[in-house]
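One letter stands for each residue in the lines below.
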Amino acid sequence: MSKKTIGFIGLGVMGKSMARHLLEAGYPLAVYTRTKEKAEDLINQGAAWKESIKDLAKDANVIITMVGFPKDVEEVYFSENGILANAYPGAICIDMTTTKPSLAEKIYEKSKEKGISFLDAPVSGGDVGAKNGTLSIMVGGDQETFDECFEIFEKMGKNIVYQGKAGAGQHTKMCNQIAIAAGIISVCESLAYAVRAGLDPDKVLKSISSGAAGSWSLSNYAPRMLSNQFEPGFYVKHFIKDMDIALEEARRMELDVPGLELARSLYEKLAEMGEENSGIHALYKLWKK
């Protein structure tokens, strides 16, 4: 796979770091994003800029997408100037956006009709995981395509697991988001309790982070909360989108998820405060006086 040209669409908080790892690993890289300025440093490092998705799709063997919302994914793949109308048979497409499992299944089927392979491969780990190349990558699609792309995934992540047929990667990501949603509420409540009890919250973290209460959110988000650093590693607006997808899927499966419903309501309140472009750990502001 090292000789394949990779086209990368979407250079946001995580996408840019992911694309940089591929470039630094020696892959010929072409990039496209809505705002060219976001790509300037990658271009200076040797990435080729493409003026449109159409131009990128025509020149890439492997096309990776990392955009924002399901509607963005649909436009990128299904529009007249999108990927499926312009990529050649034999190309591989990998959507690393978190989106609807049903949409991943649809893209897989439409890709197959055109002789194009498709994987849904959402990630977890936020901006830190993207920068460090330590993302968890959960993949759905054909095993053969996954095996062919494994070396590419290795450049961006450490925990790379094939989950099953098309859509399985997105379903796994919903499991991930459900676990985070309830967990981050607990982190906020724990810190609020520590402050209200007159404790030094940094010392409290030192005691509880490595015990049974330990979690990725506690270790990574709690220090940011206490330092009033609420810049996005993962946007509130994107997390709300993910929770809505998970709630829709849970209803379809007739599964009660009260913890997720509570988290969704709290994040809606946070968004109404104007925090939709903050990091998801800004939820602490609901408790912070």
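Structure first, text after, so check above.
Calculation notes
Residues numbered from 1 in each chain as written. Predicted model: local features only at pLDDT ≥ 70, side-chain atom pairs only at ≥ 80, totals over all residues. Heavy atoms only, no water. Salt bridge = Lys/Arg side-chain N within 4 Å of Asp/Glu carboxyl O. Buried < 20%, exposed > 50% of the residue type's maximum accessible area, 1.4 Å probe, protein only. Helix = DSSP H or I, 4+ residues; strand = E, 2+ residues; numbered from the N terminus. Core = buried A, V, L, I, M, F, W, Y, C linked by side-chain atoms within 4.5 Å. Contact = heavy atoms within 4.5 Å.

Draft legend 1. Region of the structure containing the pattern of salt bridges. Taken as a whole, this structure holds eleven salt bridges when the rule is applied. Residue Lys241 pairs with Asp242 through a salt bridge whose shortest N-O separation is 2.9 Å. The exposure classification of Lys241 matches that of Asp242, with both residues buried. The partner of Arg264 in a salt bridge is Glu268, and the shortest N-O contact between them spans 2.8 Å. Linking Arg264 with Glu268, this pair stays in helix 13 (residues 258-272), spanning four residues, or about one helical turn. What you see here is one network of salt bridges that share partners, running through Lys16, Arg20 and Asp41.

Draft legend 2. Structural detail: the nonpolar core. Ranked by internal contacts, the top residues of the largest apolar core, which has 57 residues, are Phe8, Met96 and Phe153. Apart from the residues within four sequence positions on either side, Met96 is in contact with Met18, Ile64, Thr65, Met66, Ala121, Pro122, Val123, Ile137, Phe153 and Met156. In this structure, Met174, Leu191, Ala222 and Ala263 belong to the second largest nonpolar core, which totals 34 residues.

Draft legend 3. Local environment of unusual backbone geometry. In this model, Asn228 sits at a positive phi of 55 degrees, which is unusual for a non-glycine residue. By relative accessible area, Asn228 is classed as partly exposed at 43%.

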